[in-house]
Amino acid sequence: AQSVSQHNHHVILSEAASLELGCNYSYGGTVNLFWYVQYPGQHLQLLLKYFSGDPLVKGIKGFEAEFIKSKFSFNLRKPSVQWSDTAEYFCAVNGFSGGYNKLIFGAGTRLAVHP
Amino acid sequence: DAGVTQSPTHLIKTRGQQVTLRCSPKSGHDTVSWYQQALGQEPQFIFQYYEEEERQRGNFPDRFSGHQFPNYSSELNVNALLLGDSALYLCASSPGTERGAQYFGPGTRLLVL
């Protein structure tokens, strides 16, 4: 079955620590890849997206992600987190056999950053 | 530039009732998708509307139906509400192309008692 896996469900970091959140998907065809963030009490916001080209994509707020096709992975990184990065992060993919319309989300990773 | 807007923000209904949720897409977007996000879970795709037609549907029963209007706004209707329909209902809009990212609204939180 088509799926998206996020390996870390809860991550706790101190400010200035580096962040890497894992995301893997199970589909060998062409996909579009996204990371969304949901801050407490706020709506889902698009952090970054990958369609094609340079596998290292930069998003808002200093986040970046690297697409590794051979590993079916799209990991999110940030070199130095801030308290304001406390949020839930969702990896999402479309382009599975059902077409590009339907986004399939991972289960999410809750990040807590302590000052 | 207004983003995706949804109304109402909160709604309380009882089992068996019907509910209609509304969504206005981001300016320049013609495609609307609806998702259900249960508490503590990831969003689940309900369906997508493009050119006033349902283009794709997720694994939701026929009690969930929708509509898209000529101005691209959309409604989600849920009939015969069940307790399990309690969730945050998210609307996302996108341009009608393969390379269009979906942008989400704030959601409507539905509580079924």
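Refer to the structure printed above.
Residues numbered from 1 in each chain as written. Chains lettered and ligands numbered in written order. Predicted model: local features only at pLDDT ≥ 70, side-chain atom pairs only at ≥ 80, totals over all residues. Heavy atoms only, no water.

Caption draft 1: Summary view of the overall build of chain A. Tallying secondary structure elements over chain A gives zero helices and twelve strands in all. Listed N to C, the secondary structure of chain A is β-β-β-β-β-β-β-β-β-β-β-β in terms of helices and strands. Computed over its C-alpha atoms, the radius of gyration of chain A comes to 14 Å, within 12% of the 13 Å expected for a compact globule of 115 residues. Taken along its principal axes, the extent of the C-alpha atoms in chain A is 45 × 30 × 20 Å. Burial status across chain A gives 48% buried among its 115 residues. When contacts within chain A are restricted to residue pairs at least 6 apart in sequence, long-range pairs at least 24 apart make up 56% of them. When the accessible surface of chain A is totalled, it reaches about 5,200 Å², and 53% of it is carbon and sulfur. (Helix = DSSP H or I, 4+ residues; strand = E, 2+ residues; numbered from the N terminus. Rg over C-alpha atoms; globule rule 2.2 N^0.38 Å. Buried < 20%, exposed > 50% of the residue type's maximum accessible area, 1.4 Å probe, protein only. Contact = heavy atoms within 4.5 Å. Areas by Shrake-Rupley, 256 points an atom, 1.4 Å probe, with all protein chains shown as cover.)

Caption draft 2: Structural detail: the interface of chain B and chain A. Taken together, the contact pairs 22 residues of chain B with 20 residues of chain A. Approximately 1,800 Å² of surface area, both sides summed, lies buried where chain B meets chain A, with 54% of it carried by carbon and sulfur atoms. Inspection of the region where chain B meets chain A yields zero salt bridges. Seen at the junction of chain B and chain A, the total is three residue pairs in polar contact (both at pLDDT 80 or more). Mapped by element, the contributors of at least two residues to the side of chain B that touches chain A are strand 4 (31–37), strand 5 (44–50), strand 6 (53–57), strand 9 (87–94) and strand 10 (103–104) of chain B. For the side of chain B that touches chain A, the element with the highest residue contribution is strand 4 of chain B, accounting for three residues. When the residues that make up the side of chain B that touches chain A are grouped by side-chain class, the tally is nine nonpolar, nine polar and four charged. (Buried area = accessible area lost by both parts, 1.4 Å probe. Salt bridge = Lys/Arg side-chain N within 4 Å of Asp/Glu carboxyl O. Polar contact = N/O pair within 3.5 Å; in protein donor to acceptor, adjacent residues only side chain to side chain. Nonpolar A, V, L, I, M, F, W, Y, C, P; charged D, E, K, R; others polar.)

Caption draft 3: The arrangement of the sheet that holds strand 1 (residues 5–7) of chain B in detail. All names here are of chain B. Overall, antiparallel pairing links the four strands, which are arranged 1-3-8-7 in an open sheet. In this open sheet, the two strands that pair with only one neighbour each are strand 1 and strand 7 (64–68). Strand-to-strand, the axes of this sheet are offset by a mean angle of 20°, without reference to chain direction. Of the pairings in the sheet, the one linking strand 7 to strand 8 (residues 74–78) comprises five bridges and is antiparallel in character. Of the residues in strand 8, the one forming a bridge with His-67 is Glu-75. (Pairing = 2+ DSSP bridges. Axes fitted to C-alpha atoms, helices over the stretch in contact; angles between N-to-C directions.)

Caption draft 4: Here's a closer look at a nonpolar patch on the surface. Residues B:Ile12, B:Leu111 and B:Leu113 make up a contiguous nonpolar surface patch of roughly 300 Å² in combined accessible area. By the element assignment, B:Ile12 lies in strand 2 (residues 10–13). (Patch = residues over 30% accessible without salt bridge, like charges linked within 9 Å, V, L, I, M, F, W, Y side chains within 5 Å.)

Caption draft 5: Examining the side chain of B:Ser94 more closely. Residues and elements named next belong to chain B. Along the chain, Ser-94 falls in strand 9. On the basis of relative accessible area, Ser-94 is assigned to the buried category, the value being 4%. Among all residues touching Ser-94, those that are not within four sequence positions of it are His-29, Asp-30, Thr-31, Gly-100, Ala-101 and Gln-102.

Caption draft 6: Region of interest: the packing of aromatic side chains. One pass over the structure, following the stated rule, counts 16 aromatic pairs over all chains. Both rings, one in A:Phe34 and one in A:Phe51, keep their centres 5.8 Å apart while their planes meet at 75°; by these two values the pair is edge-to-face. Residue A:Phe34 is found in strand 5 (residues 32–38), and its partner A:Phe51 is found in the loop between strand 6 (45–50) and strand 7 (56–58); the two are separated by 17 residues along the sequence. Here the two residues A:Phe34 and A:Phe51 agree in accessibility, since each one is buried. Taking 5.3 Å as the distance between ring centres and 90° as the angle between the ring planes, the aromatic pair formed by A:Tyr36 and B:Phe104 counts as edge-to-face. Residue A:Tyr36 is found in strand 5, and its partner B:Phe104 is found in strand 10; the two belong to separate chains. Here A:Tyr36 and B:Phe104 have matching classes, each one buried. Members of the aromatic cluster, each reached through a chain of ring pairs, are A:Phe34, A:Tyr36, A:Phe51, A:Phe90, A:Phe105, B:Tyr35, B:Phe45 and B:Phe104. Directly above the ring of B:Tyr103 sits B:Lys26, whose terminal nitrogen or CZ lies 5.5 Å from the centroid. Here B:Arg55 stacks its cationic end above the ring of B:Tyr50, 4.4 Å away from the centre of that ring. (Phe/Tyr/Trp six-rings, centres within 6.5 Å; stacked < 30°, edge-to-face > 60°. Lys NZ or Arg CZ within 6 Å of the ring centre and 35° of its normal.)

Caption draft 7: Region of the structure containing the nonpolar core. A:Leu33, A:Trp35, A:Leu47, A:Leu48, A:Phe74, A:Leu76 and A:Tyr89 are the most contacted members of the largest nonpolar core, which totals 29 residues. Every element with two or more residues in this core is listed here: strand 2 (10–14), strand 3 (19–21), strand 5, strand 6, strand 8 (64–68), strand 9 (73–78), strand 10 (87–94) and strand 12 (109–114) of chain A. By residue number, the principal contributor to this core is strand 10 of chain A, which donates four residues. Counting residues in hydrophobic clusters, the runner-up holds 19 residues, among them B:Val4, B:Val19, B:Trp34 and B:Val112. (Core = buried A, V, L, I, M, F, W, Y, C linked by side-chain atoms within 4.5 Å.)

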